[in-house]
Structure formats: C-alpha cells, structure tokens
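Summary of structural features
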Amino acid sequence: MRSPLIRSFSQLDSLDPDLPVVTLFSGGLDSSYLLLRLRRMGIREVHAVSVDIGEDESSGYKRQVAEALGATIHILHRRAEFAEEYVAPAIAAQAVYLGIHPVSSTLSRPLIAHSAVELARTLGAQAVLHTANRSQNTLRRLNGALTLLGYEGMFGSPYDLDPVTRDDKLAELRDAGIDLLAGRIVSGDSNLWCREFESGILDDPELHEVPEEMYAWSRPTALPGDTDTLTVTFEQGLPVALDGEPLPLTVLIDRLNRRVGAYGLGRYSGLEHLDHGEKVLEIREMPAAWLLLSGYRHIESACLDAELIREKRHLEQVWTREALEGRWFGELRLAAQVFMDACAARTTGSVTWRLRSGGADTRSITVGEPLYLRDRETWEERSISAESAPFAPAAAPALAAV
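Presented here is an overview of the structure given in this document. (Residues numbered from 1 in each chain as written. Predicted model: local features only at pLDDT ≥ 70, side-chain atom pairs only at ≥ 80, totals over all residues. Heavy atoms only, no water.)

The next point concerns the pairing of strand S17 (residues 359–367). The two faces of the sheet receive side chains in turn, since in a regular strand these alternate between them. With 8 bridges connecting them, strand S16 (residues 349–356) and S17 associate as antiparallel partners. Each residue of the ladder has a partner; that of Arg-356, found in S17, is Gly-359. Linking S16 to S17, which pair antiparallel, is a turn of 2 residues; within it Gly-358 sits at a positive phi near 80°. (Pairing = 2+ DSSP bridges. Helix = DSSP H or I, 4+ residues; strand = E, 2+ residues; numbered from the N terminus.)

Shown next as structure tokens:
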C-alpha cells in the first residue's frame, strides 16, 4: 500500500528522528520555517535540496539559512537538463496556458521532484517534503510527480491542511536567530525560462500594479528609435543558433532574455486555475520565450501542412493540460510528446526579427524544404498550365510531303 501523503504538520510526528528527511528548499519563508520545525522535532538528519535551474536566489544565501537551521544543503546544478529535457519539449509543444502565457513552473516541478527522489533514494530517506500550499499550483504538480515517480516513502506538504501565518513564521524564525526574509512583498519563482511573481501585493486581480524594479529582464534599456536585428535558427524543432553562432540552449535563452527584454517585450499577466477551479493572478516576464515560441510557429507553418498544424494545436493544449495538472510523467503527456517530436523532426529553418520599442517584426522566414511561395505569378502560370494541359487540343498532324 502507498505510503501516506503528508498534508499537515501534525503528520510529521510520525517521522523517525533517526532516519533522513529530504526537503525542497528555495530559501524562502515557507521552506526556512519547515527546516525550523524539523529541527525542533529532533530530526537528526535533514537534507535541504535546492535545484539550480537558473533562479535568481544566490546559493550563498541559501547555504547560510539552511546551515543556520541545522540542515545539510544540496545544491544540484540542473540548468542544462532543464533546458534540454523540459524547456525544449515545451517549445515544440507551444506550451501556452489557454493562449495567455507560456508555462514555466509547470516545467520545473517535475525536474525538481525527480532530483529530490534521486537524492532521497540514495540517502535512504523516509520522506520528501515540500512547502506548497493549496493556493499554489505547485502542490498538485509536485505531489503528482512524486506519485508518478513511484517514490517509496512519505511525501507532501504540511502546509496543505495546516497553514501558518506569515507573521508567525517570521516571528519564530527571528526567535531562532534567522532574520533574513522580512523584506519580501511578493512570492517569486524564477528559472532560466521565466521570472514569476504572485501573492502579497499582487493578490487582487482587480487592483494590481507591479513595481517596475521587480522586472529584471524586460525593463526597457533601448533608447527611443533603437532597433536590433537578430536571427534564430532551429534544427528539428530545437533552437540551436543565434545570428549564425551555434549555442547551447541555456546560453541562447539567456542572451535572448536580455536582448529581447531590452525592448520591453515578453511580459505576461493572467489568471491560472487552482485544483478546485478557483483562479489566482500570476505575473511573468519571459522575453526569450516570447520570441522563441513565435519563431517556432513561423518555421513550423513554413514546413508543415495546415491540417497537421490544426490537429497539433489541439494536442498542444492536451500536452499543456497534462503538464499543468502534475502529470508530466503520465502516459497521455508522453503520448502527446511523440506527436510533437514527429512534427519537430520536420521543423528546421531560421527567422530573422527586427526588434523595436514595444514590438518586433519578422524580416525573413527561411526553411530548406518550404511550402511557401516566393513568386506567386510564376506559380499561378505553372499551376494553370499544368491543370489545363490534359484539356489542350491535340496538335494537328503534319501533312505528308507530295
């Protein structure tokens, strides 16, 4: 029988103080408070896992907080894996939530869960804990991933049924000598694909304003009238070069975030549903995603038949829904991925963009085996000639010489 799901702090009492516990650790208030509670419970071996996928928070800061709370910190470097095995499939699947914003934390949670399970199995840990609450979609995504990965121990978030107020968490951490977290006014999540903000001053969809200083990639730095021309090359669905220079996907995304973001492009705001249908506001900046997803669609439209693209657009939302609902490792998402990969295998070419303040325009869409026309008049003449040929009158036979 499957081990019980952890949903409250009272369930932590069933943990054996002599066996290791793995916790996901962001360095934020919730994950720091969980370390404090585990220390007070007398758990002798707590392993705090931070998965580096390009987030803003410094490793030094996380190490300082975790060690002050008696935990062993594990900083796992997974940027390349995140880009190649999670972001790249999302580009091919055009993973955009209901046409509102590209998905982001949806992609990181399966990798974080997988990394934690690998460590937990190596350590023989009795539990993998995280700190998502029921107003965060991370709750079902992490629990779903841990379930589908078949983790043998206990897992879940004690905040699910047992929330603790922000003030109480801050006060207890201060009493324990940890006073590093009080200045945060929103909840943030970042990786190399996205910087995301929610909660705090952004709780109310009817009245929200994001302080400009919160944006890092998309804060306009280009001068009025400035332009920038760039070319992105795709090979079999994968972005592989910028302005003709072959680049690893991590580097390509990083450069595009800054070049595209300099023109104020790539900001998103929108509502995303929770597990029971309620919706919460989330703010994102994703300049590279904005350009790469648009560029991919241009190349795809130049290479693939229209009916194939229409069917793919339906399956894109199936793919996105399965990932959103915590079923990244599920059969339906994996089956949809096979379709995406088949389409990606034929999606090769390049798009040249001209960036300008507040927008961008294509200057060239080039593929090796195009379905597009470059000379309509010539095509019309040839098409009409080919269609008319069977009905042309036969040539009169030549007269025999007398």
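Turning to the environment of Glu-198, a few remarks are in order. Position of Glu-198 among the secondary structure elements: in strand S10 (residues 194–198). Overall, Glu-198 belongs to the buried group, its relative accessible area being 11%. Expressed as a C-alpha distance, the spacing of Glu-198 and Phe-82, which sit 116 residues apart in the sequence, is 23 Å. (Buried < 20%, exposed > 50% of the residue type's maximum accessible area, 1.4 Å probe, protein only.)

If you look at the biggest cluster of nonpolar residues, it comprises 79 residues, and the most contacted ones within it are Phe-82, Leu-107, Trp-193, Leu-256, Leu-292, Trp-319 and Leu-355. At 9 residues, the largest contribution of residues to this core is made by helix H8 (residues 287–303). The residues contacting Phe-82, other than those within four sequence positions of it, are Ile-53, Val-87, Leu-107, Ser-108, Leu-111, Asn-191, Leu-192 and Trp-193. The next biggest cluster of nonpolar side chains, apart from the first, holds 30 residues, and it includes Leu-12, Val-46, Leu-69 and Met-154. (Core = buried A, V, L, I, M, F, W, Y, C linked by side-chain atoms within 4.5 Å. Contact = heavy atoms within 4.5 Å.)

Helix H7 (residues 249–261) packs onto helix H3 (residues 79–92) with a crossing angle of 80° between their chain directions and a minimal axis gap of 8 Å. Accordingly, the angle class assigned to the pair H3 and H7 is roughly perpendicular. Between H3 and H7, the residues in contact are Arg-79, Ala-80, Ala-83, Glu-84, Val-87 and Ala-88 and Leu-249, Thr-250 and Ile-253, respectively. Along the lines of polarity and charge, the residues of the contact of H3 with H7 split into 6 nonpolar, 1 polar and 2 charged. (Axes fitted to C-alpha atoms, helices over the stretch in contact; angles between N-to-C directions. Parallel < 35°, antiparallel > 145°, perpendicular 65-115°, else oblique. Nonpolar A, V, L, I, M, F, W, Y, C, P; charged D, E, K, R; others polar.)

Moving on: the pairing of strand S3 (residues 46–52). Along S3, 7 of the 7 residues are buried, which leaves the element largely enclosed by surrounding structure. Side chains Val-46, Ala-48, Ser-50 and Asp-52 project from S3 onto one buried face, and the interleaved His-47, Val-49 and Val-51 project onto a second face that is buried too. In the sheet, strand S2 (residues 21–24) pairs with S3 via 4 bridges, with the strands oriented parallel. By the bridge assignment for S3, Leu-24 is matched with Val-49. The parallel pair S2 and S3, bridged by helix H1 (residues 29–41), forms a crossover whose chirality is right-handed. (Right-handed = clockwise from strand over helix to strand, strands pointing away.)

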